[in-house]
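Tertiary structure, described
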Amino acid sequence: MPRPMSRPWVPEHVLVTAAAAEQPHTAEVLRRVEAAGVDDVRLLSGNRLTGLTEGSEREVYARAKKTLALVVAPPSAIKPQPIPPSADWRIDLAKGCPAHCQYCYLAGSLTGPPITRAYANLDDVLAGIGTHAGRGAVTSGTAERGHEGTTYELSCYTDPLGIEHLTGSLAEAVRRVGTGAYGDDVSLRFTTKFDAVDDLLVLPHGRRTRMRVSLNAEEVAGRFEGGTSPVPARIEALRRVALAGYRVGLTIAPVMPVEGWQEQYAALLDAVGTALADVPDLDLTTEVITHRFTPGSREVLLGWYPRTKLEMDESVRTAKRNKFGGTKYVYPRETMTEMRGWFTDALAARLPGAPLLYWT
Ligand code: SF4
């Protein structure tokens, strides 16, 4: 049976800052960009990205989603940050993503037009893995993953697989960690809505990287996840990396109680169970995140997707305040209790042996 595939992202514009042009990793990115068929590659004379905000909101958004910028990550972006409950520390290979998810969780954290900035100073970015090895087990679910050592999340501000064919940064990180460049007691994690895993299959990963796929009910993925790989293709990609010996996982997010949600999520879990049934030494974990939004992310998302049918109605949500004074809107307690109970039971029944690391 032919594998379900999706077309990789080809940006229309690639911008390279002057500082990025001096980095050794840049030659590799430019080679990949050329191989992808990008015609408009501009080497900038300075380090500022200008002209990104010209035109209407629609034009700014559309241009940004067609632009890859190669920049040097500033020191503040290089220092690993704690990132519970997903992992001990966050490492960013890039900031931004070419997909068009109408609930995009980056909406609340990125500022300015949503271009994708890949970091050219890869050695500096990855050095944080070595400096923080053995420091801080801040994740929840630590008992389940103590054997993974200090964990680093690569997908907080980007979908690293979605741009990997253009950057090669993910493969380099996986290879270095897999061959012990930062010691034996560290591991990487990333989650993705893309399926282009061919290059990962042949890497010396040392079983020190856990690839999770971000999955959702058919209705949610079909309506709200533009520019991503189809869910069956993501599941097939998960199967292939699992067969190549990677640790794997599911990020089921953002869960929404759409019409018939139990049947839809049950079908999703069954599809995963079938795909992974014959994988030897399977190491599968699950994470479940319900949909939420903030006043800021709602405003940004409505600017990006003015005709969205995504429910972001404060009046049907419960406001939760964090310790920094911010507010997020989550589903009401009864809905959360019902969904949590259902997922806990359904995961235990349909994917036994796959620990639920966290529910939020
Ligand atoms: Fe945002 Fe993730 Fe969708 Fe990219 S794949 S648009 S980062 S939610």
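Look up: the structure comes first, before these words.
Computed from a prediction, not measured in an experiment: that's the story for all the values here.

Right, let's talk about helix α8 (residues 169–178) for a bit. A large share of α8 lies buried, amounting to 9 of its 10 residues. The complete set of buried residues in α8 reads S169, L170, A171, E172, A173, V174, R176, V177 and G178. Residues of α8 that are buried in the fold lie against α2 (24–35), α5 (122–132), α7 (164–167), β10 (186–192), α9 (198–201) and β11 (209–215). Just downstream of α8, G180 is the residue with a positive phi angle, here 80 degrees.

On to the packing of α5 against α8. At a closest axis distance of 11 Å, the pairing of α5 and α8 adopts a crossing angle of 40 degrees. In this view, α5 runs oblique relative to α8, as classed from their interaxial angle. Between α5 and α8 lies a crossing whose hand is right-handed. Between α5 and α8, the contacting residues are L122, D123, L126 and I129 on the first element and S169, E172, A173, R176 and V177 on the second. Taken together, the residues that form the contact of α5 with α8 break down as 5 nonpolar, 1 polar and 3 charged.

All chains considered together, the criterion is met by 23 salt bridges. In this structure, E28 engages R31 in a salt bridge whose closest nitrogen and oxygen atoms are separated by 2.9 Å. Placement of both E28 and R31 in helix α2 is noted, with a separation of 3 residues, approximately one turn of the helix. What makes E28 partly exposed here is its relative accessible area of 27%.

Right, let's get into the site of the ligand. C97, A99, C101, Y103, C104, Y105, L106, D159 and K193 make up every residue found near the ligand. Taking a 2 Å distance to the grid points as the criterion, the majority of the atoms of the ligand fall inside the largest pocket. In terms of residue class, the shell around the ligand is made up of 7 nonpolar, no polar and 2 charged.

This brings us to the layout of surface pockets. One number sums up the size of the largest pocket: a volume of about 1,800 Å³. For the largest pocket, the lining is made up of 49 residues, of which I83, Y105, C156, I289 and R292 are closest to its centre. Of all elements in the fold, only β4 (81–83), β10, β11, β13 (247–255), β14 (284–290), α13 (295–304) and β17 (356–359) reach the threshold of two or more residues within the lining of the largest pocket. Residues that form the lining of the largest pocket fall into these classes: 22 nonpolar, 17 polar and 10 charged.

For the rest of this paragraph, the subject is the nonpolar core. The biggest cluster of nonpolar side chains holds 93 residues, and the ones touching the most others in it are I129, L200, M211, L250, I252, Y265 and F343. The element best represented in this core is helix α12 (residues 261–276), accounting for 8 residues. When neighbours within four sequence positions are excluded, Y265 is seen to be in contact with N216, A217, V220, I252, P254, V255, M256, W342 and F343. Judged by nonpolar contacts, the second largest core, of 14 residues, contains W9, V14, A20 and I163.

Quick look at helix α14 (residues 333–350) now. End to end, α14 covers 25 Å across 18 residues, agreeing with the expected 26 Å (1.5 Å per residue, within 8%). All of the buried residues along α14 are M336, M339, W342, F343, A346 and L347. The arc that holds every buried residue of α14, seen down its axis, measures 140 degrees, which confines them to one face. Turned more than 90 degrees off the buried face of α14, the exposed positions are R333, E334, T337, D345, A348 and A349. The elements touched by buried residues of α14 are β13, α12, β14 and β17.

Our next topic: the sheet that holds strand β6 (residues 94–95). If you trace the 5 strands from one edge of the open sheet to the other, you get β2-β1-β3-β8-β6, paired in mixed fashion. What marks the edges here is a single partner per strand, and that holds for β2 (40–43) and β6. The sheet contact formed by strand β3 (residues 67–71) and strand β8 (residues 116–119) spans 4 bridges and is parallel. In the sheet register, L68 faces β8, and the bridge partner there is T116.

Rules used in this analysis
Residues numbered from 1 in each chain as written. Predicted model: local features only at pLDDT ≥ 70, side-chain atom pairs only at ≥ 80, totals over all residues. Heavy atoms only, no water. Buried < 20%, exposed > 50% of the residue type's maximum accessible area, 1.4 Å probe, protein only. Helix = DSSP H or I, 4+ residues; strand = E, 2+ residues; numbered from the N terminus. Contact = heavy atoms within 4.5 Å. Axes fitted to C-alpha atoms, helices over the stretch in contact; angles between N-to-C directions. Parallel < 35°, antiparallel > 145°, perpendicular 65-115°, else oblique. Left-handed = near helix turned anticlockwise from the far one by under 90°. Nonpolar A, V, L, I, M, F, W, Y, C, P; charged D, E, K, R; others polar. Salt bridge = Lys/Arg side-chain N within 4 Å of Asp/Glu carboxyl O. Near = heavy atom within 4 Å. 1 Å grid on protein atoms, 1.4 Å probe; cavity = no way out; pocket = protein on both sides within 12 Å on 5 of 7 lines; lining within 4 Å. Sits in = over half its atoms within 2 Å of the grid points. Points joined across faces, edges and corners; volume = space filled by probe spheres on them. Core = buried A, V, L, I, M, F, W, Y, C linked by side-chain atoms within 4.5 Å. Expected span 1.5 Å × (residues − 1). Arc of directions from axis to C-beta. Pairing = 2+ DSSP bridges.

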